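Architecture and fold: a report
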Amino acid sequence: MGVSRRSAVVGGVLRALRQKAERSQADVARRLGVAEITVRQWESGKRVPSLLELAKLARALGVKSSRLGSLLGMALQVAEDSEKAGATPAPAPKKAVDP
């Protein structure tokens, strides 16, 4: 699995946890003392947070660091297994065109 794919998986987990915690990107950024764009880049997979930042993220999102690590590990393993099996994501449904 490529680095960009791993980054996207990590970002998806972070986004899901933030949404579950009902926090905005701006709120998370304030709690961590980083710019809001940094949180957006983490969630989009353009950047990956450091281990220290992940620990701070866990606290800001109300999860234990070990739980965050487990979730990230599971998500990365599922993505890797899917890639090895040749699974590709389903295409997005197309909108019906009115005649």
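Above this note sits the structure.
Residues numbered from 1 in each chain as written. Predicted model: local features only at pLDDT ≥ 70, side-chain atom pairs only at ≥ 80, totals over all residues. Heavy atoms only, no water.

Re empty space enclosed by the protein
Here is the rule we go by: Each cavity reported here is a set of points on a 1 Å grid over the protein atoms alone in which a 1.4 Å probe fits but cannot get out, each pocket an open set with protein on both sides within 12 Å along at least five of seven lines, and each lining residue one with an atom within 4 Å of a point. Grid points are joined across faces, edges and corners, and a volume is the space filled by probe spheres set on the points. Secondary structure is summarised from DSSP: a helix means a run of H or I of at least four residues, a strand means a run of E of at least two, and numbering begins at the N terminus for each.
One pass over the full model with this rule turns up one cavity of 30 Å³ or more. Taken as a whole, the largest cavity holds about 50 Å³ of empty space. Lining the largest cavity, in full, are Leu14, Arg18, Val28, Val39, Trp42, Glu43, Leu57 and Leu61. Among the secondary structure elements, those contributing two or more residues to the lining of the largest cavity are helix H1 (3–20), helix H3 (36–44) and helix H4 (51–61).

Considering the nonpolar core
Across soluble globular proteins, nonpolar side chains show a tendency to be buried alongside one another. Let me state the cut-off plainly: The term nonpolar core refers to a set of buried residues drawn from Ala, Val, Leu, Ile, Met, Phe, Trp, Tyr and Cys, joined through side-chain atoms within 4.5 Å. The buried label goes to any residue with under 20% of its type's maximum accessible area, the exposed label to any with over 50%, and the partly exposed label to all in between, with areas taken from a 1.4 Å probe on protein chains only. Note on contacts: a residue pair qualifies if any of its non-hydrogen atoms lie within 4.5 Å across the two residues.
With 16 residues, the main nonpolar core has Leu14, Leu57 and Leu68 as its most contacted residues. Of all the elements in the fold, those that place two or more residues in this core are H1, helix H2 (25–32), H3, H4 and helix H5 (65–84). Take this core: its biggest share by element is five residues, from H4. Among residues more than four places away in sequence, those in contact with Leu14 are Trp42, Glu43, Pro49, Leu54, Leu57, Leu61 and Leu68.

Remarks on the environment of Arg47
Here Arg47 shows up in the loop between H3 and H4. On the accessibility criterion, Arg47 (38% relative accessible area) is partly exposed. Every residue in contact with Arg47, bar those within four places of it in the chain, is listed here: Thr38, Gln41 and Trp42.

A closer look at H2
An α-helix turns once every 3.6 residues. As a result, residues three or four positions apart point the same way. For H2, every residue scored as buried is listed here: Gln25, Asp27, Val28, Ala29 and Leu32. Once H2 finishes, Gly33 follows within two positions and takes phi at roughly 75 degrees, a positive value.

Some words on unusual backbone geometry
For Glu22, which is not a glycine, the phi torsion comes out positive at approximately 55 degrees. For Glu22, a relative accessible area of 74% gives the class exposed.

Remarks on the pattern of salt bridges
What counts, and what does not: By salt bridge we mean one thing: a side-chain nitrogen of Lys or Arg within 4 Å of a carboxyl oxygen of Asp or Glu.
Applying the stated rule across the entire model yields seven salt bridges. Across the pair Asp27 and Arg23 runs a salt bridge, and its minimum N-O distance is 3.4 Å. According to the relative accessible area criterion, Asp27 is buried, its value standing at 16%. Assessed through its relative accessible area of 25%, Arg23 is described here as partly exposed. With a closest N to O distance of 3.4 Å, Glu36 and Arg40 form a salt bridge. Taken together, the positions of Glu36 and Arg40, both in helix H3 and four residues apart, correspond to about one turn of that helix.

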